Amino acid sequence: MATMYHQQMMQEHVSMEFSSSSTHVQTFSQTTKIVGEEVVTRKSSSTVELFSLVTRSSDIPAGESVPEFVEKPQPMTAPEGDKAVFRVRVQGNPKPSISWKSESGIPIEESAKIVYDSVNKEHVLKLEPLTSDDSDNYKCIASNEHADAIYTVSLLVKVSQEKMDFKKMLKKRAPPAPKKQKKVANEKEMLETLSKVPKKDFEKVCMEYGFTDFPGLLKKLKEMKKKVEVEAIRILKPLEDMETKVDTTVLKDTNTKMIWLKGTEPLRIQYSLGKYDVKQMGTKYMLVITNVNMNDASIYSLSVGDKRMSAELIVLDEPLKFLGDLKPQKVTERQTAVFEIRLSKKDPNFVWKFNGKELKRDDKYEITVSEDGLTHTLKIKDARLSDSGEFSAQVGNLEQKAQLTIDHDTLKIVRVKERSRACLECELTSKDVTLHWKKDGQLLAHGTKYSMNHEGKRAELITDDAQLSDDGEYTVVAMQDGDPTEYYSTATVTVDEPLATVKSGMSDVRAATGSPAELCVVLNDEKVEGVWLKDGKGITDLPGVQIVKQGAVHKLIFPNTGPEHEGKYMFRAKGAESEASLFIAGMVLEALAAHPVTVKVGHTAHIEVPFRAKPLPKVTWYKDSMEVTEEERVSMERGEDQALLTITKCVLEDSGLVLLKCKNDHGSVTATLHLNVLDCPKPPQGKVEFLELSGSCVHMKWKAPKDNGGRPVTQFIAEQRAVGKKSWIKIGEVDSKVTNFSTNKVEEGKAYQFLILAVNSEGASDPLETDEVFAGNPIEPPGLASQPQVADVTKEAVTITWNAPTQDGGTPVLGYMVERRKKSSNLWVPVNKDPIQGTKYTVDEYEFRVIAVNKAGPGHPSMPSSSVVAKDPIKHVSDSSNSSISLGWREPAEGDPPSGYILEMRAEDSKEWSKCTKIPISGTCYTMGGLTERQKYFFRIRAVNEAGVGEPVELDEGVRAMFDLSARLKSHMVVRVGTALCIHAAFSGSPPPDVICKNHSQFLINSTKRSDSGVYRLLLQNEFGEAHYNIHVRVADFPRPPTNLQLFEEVPNTEDGEAHYVIMKRDASTATWYTAERVFSNKYTVTGLLPGRKCYFRVVARNEIGDSEPLDSRDTWLVNKDPSDAKLKPYEQKDWRHAPRFLTPLKPHTVLRGQDCTMTCAFLGNPRPTVTLYKGDVNITANSKFWYNCTSGVCTLVIPTCTLKDSGDYSVLVGNDLGKHRSSCTLTVYDKDDKSILVSLTESLQKKSKHLM
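Everything quoted here is computed from the prediction, not taken from an experiment. (Residues numbered from 1 in each chain as written. Predicted model: local features only at pLDDT ≥ 70, side-chain atom pairs only at ≥ 80, totals over all residues. Heavy atoms only, no water.)

**Some remarks on the overall build of the protein**
In plain terms, the rule: Each helix is a run of DSSP H or I of at least 4 residues and each strand a run of E of at least 2, with the numbering of both proceeding from the N terminus. Summary of the burial criterion: residues with accessible area below 20% of their type's maximum are buried, those above 50% are exposed, and those between are partly exposed, where the area comes from a 1.4 Å probe applied to protein chains only. Should any heavy atoms of two residues lie within 4.5 Å, those residues are considered in contact. Residue burial considers only the protein chains on display, and all accessible areas are found by Shrake-Rupley using a 1.4 Å probe.
The secondary structure content of the protein amounts to six helices and 99 strands. By the burial criterion, 37% of the 1253 residues in the protein qualify as buried. Across the protein, contacts joining residues at least 24 apart in sequence account for 61% of those joining residues at least 6 apart. In the structure as shown, the protein presents an accessible area of about 74,900 Å², 49% of it carried by carbon and sulfur atoms.

Structure follows, in C-alpha cells:
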C-alpha cells in the first residue's frame, strides 16, 4: 500500500496510511505476535483508528482538492443493547460523497440509520440496538474525482456476564446439531490453534475439535500468553526500502520501541522542529518525514535491542514545468487585473515581469504564493492605460507571457423617463482639451435646453426636461493643442413615455337587472390613454355600454344592466391597470329539497344537498347544533351546484338532525334533514322485577329499551337456564307493547336465570340478564351414599350394594345412578340411564360409585368401591423363554369347584386347536415347553368337573418369546461417599438377552467417590431387539462443619450444591437452642434481638445425607443499650436527584365501544416531574373529555364511554430539570360486529395461554 500526501494534510492527520495507484512508495502494516516459529495475525481487542487516502490523479486543478475529514469519527465501546453513533464532517472540491462499510465485509444491518444532519453538516451512522455481532471496524469513505479518503474506527460491544452465562446454559440444554469434528493430534496443537482465533470464538473452536475441557484449555492458554509476553524482543517485520518525491511526507512503520538512525547518526527527533516524528498505533510505530527534499535521501536504520534493520529512502526529483498557460487579461480602467499560474514543484527563484522588468511587491502590485508553494498570483490594482503591456512569469529557463489590455472609460447608455433629468458624463486623461457635443451628428450649442460642464478631467452634458424628441445618439469629441487627432466617445439616450399610476381603482359592483351601473378608474396623468377588457377580451361593440374619458377619469357606463353584462372587467393603461367584477343580482340563492338519509351501522352515509347560487356560497354543516369539522371519518365537499357530507363507518351515535347553511353576499339559507343510523336495539332497561316466584310459575317484569336502534321494537324474547347449565332455552316471546312474561316451565326448589332480548327489524339486542332466583323454596341435592360393597361376582356380572344417604336435601330420594370405571382410568361412565329404586344393582365391570338423585338433581358421588373383575379363569402369562411359555389362571367364582382344566393352543398360522396335555391339569398354572423360537401362539382354557366341560376362555393376544425389564427401577439414587453402590435389575426375555454391564444383572462399586456421580445405563439385547433403562446416581457426603463464626462471617461453602445452613440461637441464661432461620449463603442478619440481652449462636450445615458438626460462638453477642456507644459513620449528604424514568410503562388496550378505558403507568423522578398527556401529537392534559389523576408517582388516565374516534396512540411525557422520558401505547376501540378485532384478540389470548403452558 503506497503512502504519499501533501504537507498541509500531514499537520492534521498523523499516523495514517495513504494509498495511491500512481505513486512509488510501498508500506505494509499488520499487527503480529510470535508463537514459536509461526507468525500469527492478531485482531486486537483495543480501539482502532486508521486513516488512508487513495488518489486518482497527481495534477489537481487550482481551487479543487481531495476529500478531507474536518471532524473525524471516534472509536467507541458500548454495552449490548445500547446505541453507537459515528459522526463525520468532510470537505473537498468537488463535494465528496459519503459511504459506510464494515471491515469484515458483513453488510451493515437494515436497522442501522445512515443520515445527513443538514444543521450541523454532519454525516451520521447510527447503530441501535447493539448486539455482539456489531463488534467490528467501520470505514467511512469520502470520495470525489481526485481521491478516496478512508477513516477506519473500531466499535466494541460488551456482553454482560449474565447474558454470557445464560447463553452457556442454552448451549447445554439445547446443543447444536452434531458437526463433523476436526482432529488435532494433542493438547499442544489445540492450544496453538486457539492462539490464532479471537477470544470470543474459543468455545466454538473447542466444540469443532471435540475438546470438552474448555476451562482447562483456557487456563493453560493464559499461562502460555504470559510466557510469550516476556520473551526477547523479535523483529516482526523488517523495514523495506522506499522511494518518494520531493516535498512529500514519508511514513515508516515498526512494531516496538526503537532508535532511528540516518546513516550512522541517530535522529534527534525532538529537536527536528517537526521534520521527523514517530507515531504509534497499537503495536505499530511509524517514522514520519515531512517536507522531503533531496537531502533526505539516505539509508535509515532501526535499532531494537540487539536487533538492527535498515531501509533506503530514495527521493525522486521531478522536472520543473508550468502546469498551464498564462492567460491574457482585459479589464476596464481603474479595475484590478489578476494573473495566475501553477508550477509542478516549488522553486524560490520565480519572478513576475512587466515589459521585461522584474516586479516587486508594493501598493500597485500584490504578489502571493499558495500554501503549497505551487500557485503564484499577480494582482495589478487600479489599472490605468499605462499598465497596458506584456506581463511574464519566469522561473529558471522557463517563461510564460500574456498581454494586459486596459479599456478607457466611455460614455454610458442613458435611459430616462419623459420630463425627467438626463446626464451624460465621461472621464478624460488630460485637463487641457477642447470638447464638442453632438446629437445624431449635429453639433449642440449652449442654451437653456442643454447644460455643458467641463471641470478638470470630467465632462458632462445635462438636460433637465427630457422630451421624447431627445432620443438619439450623443457623441463627445475631445481635441488637444498640437494634436490633430479627434478623440470621441458615443452613447445612446432613450426617453420613455411616462408610466401611469392608478390613483383610484375600480371596485366590484352589484346591480339588479335593468338598473344602471358604472365602473370608474382615476389615473395620475390626463394624457394617458387606456383600453377596457371584459373577461380578458377587448370591448369593441358591447351593446348598451358607454366608454367615457374625462381628463384622468375613465368610465364604463351601463345605462340598463342585463345578464349579458355580468363578468370581470379590466382597465389597462401603460404601466397601470385596475379590475373589478359586475354582478347582476337577478339570481336567487335557493337550497333545493333535502331528503332524510338512512344507513346501517358500519356503512357509509352520503348526504347530498343541491343548491343554486352565484357567487358560490360558503357551506357550513351542523350536527345537533354543533358545527361539523373534517376528521378521520368525516369529509366535506362543495361543488358548483351541491354540497356533500360523507360519514364513513357510521355508528349509532351519528343519528340526529343534520343542518346545512349556505351563505354568500346576497343572503343565507338553511336545509335540515335527519340522519338515521339503523342498528339492533339497546337491551331492555333496569333490573328485572319478579312479581311471582313459586314451584309452578315465575312472573317477571321489565322496562322497554332506551334506544330502539332507529327501528321500532317488534317483540321481546325470554330465555331461561337452570343454574349450573351452560345452554339457554327459549321459553317464549311477547309483543313490543307488553313488558312482562310468565312461565310454568320450572321445577320446585331449582335455581334459574332468565334473559330478556329486544328485537327490531335489524336483529336482537344484547340480553338483559337476571340474577339467580329459586322457583319456590330451595331444595338441595341429597348427600353421599355409602361406599358400594361387592355382594356377588359371576362370569357375566358383579352385584354391588350400598346404603341410602343420611340427608335427602329436603325432598325424598328418587333413585340412584351407578357409575363405573376401569381401575387404571379416571373416566367414570354411567351404568344405568334411569335412577335405580333400590340399593342393589348388578353390573359387569371393575370399580363403582353411587349417586343419589332427588328433585333438586344428583348429589355428590360416593366413595368408589374396591376393584372387581368379572372374568373366567385365565389370567396372565407369567413368563416366557426361547422354547417355553408359562401361564397362570384362577378358579371360577361361581358353580361347583372344577376337578381340572383343559389347556389348548394353536400356532399363529394354524386354525386348529390342540390340547397341551392328555389329561386335565389339576393346578392353576402350567409351563408349555417344546415350542418353536420366534413363533407366536394363542391359548385358551376350559374348566372340567363331573357335570362336564365348561366354555373356553381365550387369551386376548398371542404370546411371543421376548424380554423386558419386569421391575421398575428408581430413576435417581443418592449414595454416601465411601459406601457401596449396587444397582439391582430384574428382567426376562427369550432368547436370553445379552447384558451390557459387569456382574451380569447388577452394577457394583464397593467404595464410591464423588467422581462416580453420573448416569448409568442398563442395556439388554438379543436378536429381536433391545431395552435399556437410565439411572441418575449422585454421590454425596455429610457437609463440612462451618468455621470462623464472626459477626461478619467468612464461612466456606460446602462441596455439595444441595447444602444449606441452619442458624440457631439461645439466651445466655437458658440451655435451649431455637432455630432462627435456614439460609443458603454464608451470611445472615439476626433481627428482633433485645438490647442488652446476651445470646449464643450455632450454625449447622445440612444436606440430604445429614447434618455436619455444629459450630458454636465462643462468646456471647449482644446489642448495646446505649446507641451513643456505637461508632456511627459521619453523615454524608447524598444527591437524590435523578432524571425521571418509568417503572411500569403504558400497555396497549383494546376495548368495546361504549365501555370505559383506564390506562396506568408508574414513574420515578426527583425533583418531582411534570406530567403531560398526548393523543398523537395533541396535548390533552387540560381536555375535559379525559379524566386524569397523578398521585405518588402513579399516573391514571380514564377515557369514559369510548367511541371509535378515541382509537389512536396515547403517550405520557414526564420531565424535570434533569431530563425527560416518554411512554406510549395504542388504544383500539372496536364494535361488537368487528370480526377482525375479535379474531386478533382470540389469537393473542391463545398465544398467551400457549406461552403459559
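**Topic: the sheet that holds strand 66 (residues 815-821)**
Pairing between sheet strands relies on hydrogen bonds along the backbone, with the strands arranged either parallel or antiparallel. Put simply, the test is: Being paired, for any two strands, means DSSP has found at least two bridges between them.
Across the sheet, which stays open at both edges, the four strands sit in the order 67-66-69-70 with antiparallel pairing between neighbours. A single partner strand is all that each edge strand has here, and the edge strands are strand 67 (829-830) and strand 70 (857-858). As judged from the two bridges shared by strand 66 and strand 67, these two strands associate in the antiparallel manner. Across the sheet, the residue bridging to Arg820 is Val829, located in strand 67.

**A short note on the pattern of salt bridges**
As a reminder, the rule being used: By definition, a salt bridge exists where a carboxyl oxygen of Asp or Glu is found within 4 Å of a side-chain nitrogen of Lys or Arg.
Under the criterion given, the structure shown has 33 salt bridges. The partner of Lys623 in a salt bridge is Asp624, and the shortest N-O contact between them spans 2.6 Å. For Glu904, the salt bridge is made with Arg942, and the minimal N-O distance between the two is 3.7 Å. Residue Glu904 is found in strand 73 (residues 900-907), and its partner Arg942 is found in strand 76 (residues 937-945); the two are separated by 38 residues along the sequence. The network of salt bridges with shared partners includes Glu653, Arg1153 and Asp1231.

**Re the environment of Asp641**
Structurally, Asp641 is set in the loop between strand 51 (634-638) and strand 52 (642-647). Separated by 28 residues in sequence, Asp641 and Ala613 have C-alpha atoms that sit 7.8 Å apart. Dropping the residues within four chain positions of it, Asp641 is found in contact with Pro610 and Phe611.

**With respect to the packing of helix 3 (residues 187-194) against helix 4 (residues 202-209)**
In helix packing, the relevant descriptors are the interaxial angle and the interaxial distance, both defined with respect to the helix axes. Basically, it comes down to this: The axes used here are C-alpha line fits, helices contributing only the stretch in contact, and every angle between their N-to-C directions lies in the interval 0 to 180 degrees. Helix crossings fall into two classes, left-handed where the near helix is turned counterclockwise from the far one by less than a right angle and right-handed where it is turned clockwise.
Across the interface, helix 3 lies against helix 4 with an axial gap of 10 Å and an inter-helix angle of 145°. The handedness of the crossing between helix 3 and helix 4 comes out as right-handed. Here helix 3 contributes Met190, Thr193 and Leu194 to the contact with helix 4, which in turn contributes Phe202, Val205, Cys206 and Tyr209.

**Quick notes on the confidence of the model for the protein**
The line we're drawing: pLDDT: the predictor's confidence for each residue, scored from 0 to 100.
Per-residue confidence for the protein gives a mean pLDDT of 77, with 79% of residues at or over 70. This model gives residues 226-236 a pLDDT under 50, and the stretch forms 15 contacts once residues within four places in sequence are excluded. Scored below 50 in pLDDT, residues 1248-1253 shows zero contacts in the model against residues more than four places distant or in partner chains.

**Describing helix 4**
Going by this rule: The directions considered for the arc run from the helix axis to the C-beta atoms.
For helix 4, every residue scored as buried is listed here: Phe202, Val205, Cys206 and Tyr209. Angular distribution of buried residues about the axis of helix 4 spans 100°; they occupy a single face of the element. Turned more than 90 degrees off the buried face of helix 4, the exposed positions are Lys204 and Met207. Count one or two residues on from helix 4 and you reach Gly210, which has phi positive near 80°.

**Some remarks on the pairing of strand 89 (residues 1095-1102)**
Across the eight residues that make up strand 89, a large majority, six, are buried. One ladder, built from eight bridges, connects strand 87 (residues 1060-1067) with strand 89; its direction is antiparallel. Across the sheet, the residue bridging to Val1062 is Val1100, located in strand 89. Relative to strand 90 (residues 1111-1112), strand 89 runs antiparallel, the two sharing two bridges. Paired with Arg1098 across the strands is Asp1112, a residue of strand 90.

**Here's the deal with unusual backbone geometry**
Trans peptide bonds make up most of the peptide bonds, and negative phi angles are found at most residues other than glycine. Going from Asn93 to Pro94, the amide bond is cis rather than trans, its omega being 5°. Of the consecutive residues Asn1166 and Pro1167, the connecting peptide bond is found in the cis state with omega at 5°. Within the secondary structure, Pro1167 is located in the loop between strand 93 (1157-1166) and strand 94 (1170-1175). Within the chain, Ser1192 stands out as a residue other than glycine whose phi angle is a positive 55°. Its place among the elements puts Ser1192 in the loop between strand 96 (1187-1191) and strand 97 (1194-1199).

**Details of the sheet that holds strand 7 (residues 84-93)**
Spatially, 5-7-10-9 is the arrangement adopted by the four strands of the open sheet, whose pairing is antiparallel. Each end of this open sheet is capped by a strand with a single partner; those strands are strand 5 (65-71) and strand 9 (113-117). Taken over all neighbouring pairs, the strand axes of this sheet differ in orientation by 30° on average, direction set aside. With five bridges joining them, strand 9 and strand 10 (residues 122-127) adopt antiparallel strand pairing. Looking at strand 10, one finds that Lys113 is bridged to Lys126.

**Points about the side chain of Thr646**
Considering the arrangement of structural elements, one finds Thr646 in strand 52. For Thr646, a relative accessible area of 11% gives the class buried. In this structure, Thr646 is in contact with Thr604, Ala605, His606, Arg633, Val634 and Ser635, ignoring residues within four places of it in sequence.

**So, empty space enclosed by the protein**
As a reminder of what qualifies: Every definition here rests on a 1 Å grid over the protein atoms only: cavities are sets of points where a 1.4 Å probe fits but cannot get out, pockets are open sets enclosed by protein on both sides within 12 Å along at least five of seven lines, and lining residues have some atom within 4 Å of a point. Grid points are joined across faces, edges and corners, and a volume is the space filled by probe spheres set on the points. For this classification, Asp, Glu, Lys and Arg are treated as charged, while Ala, Val, Leu, Ile, Met, Phe, Trp, Tyr, Cys and Pro are nonpolar and the rest, including Gly, are polar.
Evaluation of the coordinates by the stated rule reveals seven cavities of 30 Å³ or more. Computed from the structure, the second largest cavity encloses a volume of approximately 70 Å³. As for the second largest cavity, its lining consists of Ala422, Cys423, Leu424, Tyr450, Leu461, Ile462, Thr463, Asp470, Tyr474 and Val493. Taken together, the elements giving at least two residues each to the lining of the second largest cavity come down to strand 30 (422-427) and strand 34 (458-463). Of the residues assigned to the lining of the second largest cavity, the class counts are eight nonpolar, one polar and one charged.

**Notes on the nonpolar core**
Selection rule: By nonpolar core is meant a set of buried Ala, Val, Leu, Ile, Met, Phe, Trp, Tyr and Cys residues that side-chain atoms within 4.5 Å join together.
Of all hydrophobic cores here, the largest spans 24 residues; its most connected members are Phe69, Phe86, Leu125, Leu127, Leu130 and Leu155. Here this core takes six residues from strand 12 (residues 147-158), the largest share from any one element.

**Some words on the packing of aromatic side chains**
Rules: Centres within 6.5 Å are what make two rings of Phe, Tyr or Trp a pair, Trp counting through its six-membered ring; a difference in plane orientation under 30 degrees is then read as stacked, over 60 as edge-to-face, and the rest as tilted. Two conditions define a charge located above a ring, namely a distance within 6 Å from the ring centre to NZ of Lys or CZ of Arg, and an angle within 35 degrees of the ring normal.
Enumeration according to the criterion identifies 15 aromatic pairs in this entry. A centroid spacing of 5.9 Å and a plane angle of 90° characterise the contact between Phe51 and Phe69, whose relative ring orientation is edge-to-face. Residue Phe51 is located in strand 4 (residues 49-55), and its partner Phe69 is located in strand 5; the two are separated by 18 residues in the primary sequence. Per residue, the accessibility class of Phe51 equals that of Phe69, and both read buried. An aromatic cluster is present here, built from Phe51, Phe69 and Tyr151 joined pairwise through their rings. Over the aromatic face of Tyr1174 sits the side chain of Arg1222, whose NZ or CZ is 5.0 Å from the ring centroid.

**Observations concerning helix 3**
Within the span of helix 3, buried status applies to Met190, Leu191, Thr193 and Leu194. Down the axis of helix 3, the sector holding all buried residues measures 160°, keeping them to one side.

**Observations concerning the pairing of strand 87**
Among the eight residues that make up strand 87, seven are buried, leaving the element largely enclosed by the rest of the structure. Following strand 87, the chain reverses through six residues before pairing antiparallel with strand 88 (residues 1074-1079).

**Brief notes about the state of the cysteines**
This is how the line gets drawn: Working definition: a disulfide is two cysteine sulfur atoms within 2.5 Å of each other.
Inspection of every chain in the model, using the stated rule, returns zero disulfides. No disulfide involves Cys1195; its sulfur sits 4.6 Å from that of Cys1161, the nearest cysteine.

**Details of the environment of Gly978**
When you line up the elements, Gly978 lands in the loop between strand 80 (972-976) and strand 81 (981-984). Remark: the alpha-carbon pair of Gly978 and Thr1008, spanning 30 residues in sequence, is separated by 4.8 Å. Those residues in contact with Gly978 that sit more than four places away from it in its chain are Asn1006, Ser1007 and Thr1008.

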